[in-house]
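# A look at the structure
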Amino acid sequence: MRRIALVARHEVIETVRSRTYWIGLVITPVMFAIGLFVPSFLQRSFSPDRPVAIVDLSGQLAQPLGEQIERRFARERMATLYAHVRGFAKAELRDARGGLDPDRVPLEFLRRSGDITDPDVDAFLAQGGVEAALDRARPLLRADAPPPTFDPQPFSLVDPPADLVAALRAGAGEDLVRAYLSGERRLPPAADAGADADGAAGEGRTLYGVLLLPEALGLVPAGEPVALGLGDGSQTAQLWTEEAPDEAVGDAVEAALARVLRRQALAAEASPDLAERLAGLVTPFDTRLTSKADGASVTSRDVLEKNMPRVLSIALCFFLLGNLVILMTNTMEEKSNRIIEVLMSSITAQEMMTGKLLGASMVALLGVMFNVATLMGVFFLASDGGFASFAQDLLSVLFGSPILLALLFYFVVGYFLFAGLFIAIGGLCETSKDVQSLSLPLQYFLILLPILIWTVANEPNGVAARVLSYIPYTSPIMMMARINADPGWFDLVATAVLQLVGIAATLWLSGRVFRAGALRTGKPPKLGELWGALRGQA
């Protein structure tokens, strides 16, 4: 046992002294933080100038469409502000489950994006918009709450140039549209009067898009050719841009136009008052869980509690793959440098392999714990309102369920299940080319396994999920995905025992292969020789 401990100590020291190890340890949380915050920061800091002009040949749609687009942008700001309040509300304003207490918080701030209606938006704008809402929200926020950050508008509406309108009305405006969109012609100052929320001057700006609304535009049956983009365009709204537009632009324009046309169609069939009243009505709908003692509604925390194990099971696969490749490569290098020959002059091959696995597993577990702790630190420091609310729910799930303990347990189990195979491959190889060719099947398996697990985990206690839970090499990942779905004590205990038996069998067989290959020079052994080694015929 002392010699195994010495090998394990050597493995730990040599690994942590490597600059590559520390770079790999730090890079995961750094890349996560960059992927989480940098795109949002860049979007807010460097939002492009995208003026869009509406040319309405019917004379009936431009104004209501502009109002509907303004409502859409205001609705997004409302949702962001309300999420900010949920994330940074004072502790005394929360209920026992961590949500906002409706008896202490105005109902306005309990709304989520899907709860906001057009009349809500109109009232929000009439009361002074974001600044007034911030004044109402400040008494609810903690003293250390940062200011909310709002995503920039994907585009701004501007008045169309008079010559462009005249040309399109005459049916000969395509060349002029191209000139404005390419920057050959610029917007005149009057075209941007009051259109830009920041009050930027219109002169010199290049049009990003032109929305042409033909006179015969209206709702059509879904099966008509014009609904599929066919026809001469006389009944189709056309968004002209120089290149493929940003999805946010196209989606916002299309959704707003659909709401305007539906409201106008309803007003024509019934009455304008009815259309206005219906716009402020919603369908009361709620999803409740019988698994909760009080039959409470589904919350974002419940959704996270269901999906987080699946996400972590995928992360577990890639944690394993990264650490196991390092173990295999290090073993190959030690063999090629004849270090293994020196060590095996004093200890047995089985002792050496066991020591290396123990040392490497401690280093790998340290890396996983460091990454988990760092990522949790990122969530603790979250300052964006919407993300802060999500971070609180996520931390609540992590600390309020067995998910963290399960992650560490199944990582260790999975590591030893696969480590024996990878270290045996490393002991057979002398070059990186040998490593790549022999380890490729195992790497493909670990890459494809998350896809299989994610598909099956939709029914975590179904037949397929339970079958995969009892296959040793899929069991740790599958059980990680099932951990919050109440798999039952029998499955938990039986699969754990099966995994331990699988580890023992894998290490015993891998030890024979490692002993046969560690002192071998030249090409890796053939399949017949490996079979002989497995049977004990070294």
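Here's what I pulled together on the structure shown here. Given the structure is predicted, the values throughout are model-derived calculations rather than measurements. (Residues numbered from 1 in each chain as written. Predicted model: local features only at pLDDT ≥ 70, side-chain atom pairs only at ≥ 80, totals over all residues. Heavy atoms only, no water.)

### Some words on the overall build of the chain
Check the secondary structure of the chain and you find 19 helices and four strands. Taken across its 538 residues, the chain has 43% of its residues classed as buried. Considering only intrachain contacts with a sequence separation of at least 6, the fraction spanning at least 24 residues in the chain is 75%. (Helix = DSSP H or I, 4+ residues; strand = E, 2+ residues; numbered from the N terminus. Buried < 20%, exposed > 50% of the residue type's maximum accessible area, 1.4 Å probe, protein only. Contact = heavy atoms within 4.5 Å.)

### Concerning the sheet that holds strand 4 (residues 238–241)
Here four strands make up an open sheet; going across it, the order is 2-1-3-4 and the pairing mixed. Both edges of this open sheet fall to strand 2 (156–158) and strand 4, since each of them pairs with a single strand only. Mean inter-strand twist for the sheet, computed between neighbouring axes without regard to direction, equals 30°. Here strand 1 (residues 51–56) pairs with strand 2 via three bridges, running parallel. If you follow Pro51 over to strand 2, its bridge partner there is Ser156. The sheet strands contacting helix 3 (residues 62–88) are strand 1, strand 2 and strand 3 (209–213), and the helix crosses strand 1 at an angle near 150°. (Pairing = 2+ DSSP bridges. Axes fitted to C-alpha atoms, helices over the stretch in contact; angles between N-to-C directions.)

### Things to note about the pattern of salt bridges
In total, this model carries 15 salt bridges according to the counting rule given. Between Asp118 and Arg263 there is a salt bridge; the shortest N-O distance is 2.9 Å. Linking Asp118 in helix 4 (residues 118–126) with Arg263 in helix 8 (residues 247–269), this pair joins segments that are 145 residues apart in sequence. The burial state of Asp118 is the same as that of Arg263; both residues are buried. (Salt bridge = Lys/Arg side-chain N within 4 Å of Asp/Glu carboxyl O.)

### Some thoughts on the side chain of Ser469
Along the chain, the position of Ser469 falls in helix 16 (residues 463–469). Residue Ser469 is classed as buried on the basis of its relative accessible area, which comes to 0%. Apart from the residues lying within four places of it in its own chain, the contact partners of Ser469 are Ser475, Met478, Met479, Arg482 and Thr495.

### Observations regarding unusual backbone geometry
Even without being a glycine, Asp486 presents a positive backbone phi close to 55°. Considering the arrangement of structural elements, one finds Asp486 in the loop between helix 17 (475–482) and helix 18 (489–518). Given a relative accessible area of 65%, Asp486 falls into the exposed group.

### Concerning the packing of aromatic side chains
Overall, the coordinates contain seven aromatic pairs when judged by the stated rule. Ring centres 6.2 Å apart and planes at 80° place the aromatic pair Tyr415 and Phe416 in the edge-to-face group. An identical accessibility class is assigned to Tyr415 and Phe416; each is buried. When the centroid spacing of 6.1 Å and the interplanar angle of 40° are considered together, the rings of Phe418 and Phe445 count as tilted. Within this pair, whereas Phe418 is found in helix 14 (residues 403–428), its partner Phe445 is found in helix 15 (residues 432–456), the two being separated by 27 residues in sequence. Phe418 gets classed as buried once you look at its relative accessible area, which sits at 1%. (Phe/Tyr/Trp six-rings, centres within 6.5 Å; stacked < 30°, edge-to-face > 60°.)

### As for a nonpolar patch on the surface
The grouping of Phe318, Leu440, Tyr444, Ile447, Leu448 and Ile451 at the surface amounts to a nonpolar patch, some 590 Å² of accessible area in total. The dominant element in the nonpolar patch, judged by the number of residues it contributes, is helix 15, at five residues. Relative to the helices and strands, Tyr444 resides in helix 15. Here Tyr444 falls in the partly exposed class, since its relative accessible area comes to 47%. (Patch = residues over 30% accessible without salt bridge, like charges linked within 9 Å, V, L, I, M, F, W, Y side chains within 5 Å. Areas by Shrake-Rupley, 256 points an atom, 1.4 Å probe, with all protein chains shown as cover.)

### Considerations on the packing of helix 15 against helix 17
Their axes nearest at 10 Å, the elements helix 15 and helix 17 cross at an angle of 35°. Relative to helix 17, helix 15 is oriented so that their crossing is right-handed. Together, Leu449, Ile453 and Val456 of helix 15 and Ile477, Met478 and Ala481 of helix 17 make up the contact between the two elements. (Left-handed = near helix turned anticlockwise from the far one by under 90°.)

### Some words on the nonpolar core
Ranked by internal contacts, the top residues of the largest apolar core, which has 57 residues, are Leu316, Leu324, Leu357, Phe411, Tyr415, Met478 and Met480. Listing elements by their share of this core, those giving two or more residues are helix 10 (300–336), helix 12 (349–380), helix 13 (385–400), helix 14, helix 15, helix 16, helix 17 and helix 18. A total of 14 residues in this core trace back to one element, the largest contributor, which is helix 14. Contact partners of Met480, with chain neighbours within four places excluded, come to Pro309, Leu312, Ser313, Leu316, Ile403, Ala406, Leu407 and Tyr410. (Core = buried A, V, L, I, M, F, W, Y, C linked by side-chain atoms within 4.5 Å.)

### Considering the side chain of Arg310
Mapped onto the secondary structure, Arg310 falls in helix 10. An unpaired buried charge is present at Arg310: no salt bridge exists, and Glu459, the closest side chain of opposite charge, is 9.5 Å distant. Filtering out sequence-adjacent residues up to four positions away, Arg310 remains in contact with Trp454, Ala457, Asn458 and Ala481. (Lys, Arg positive; Asp, Glu negative; His and termini not counted.)

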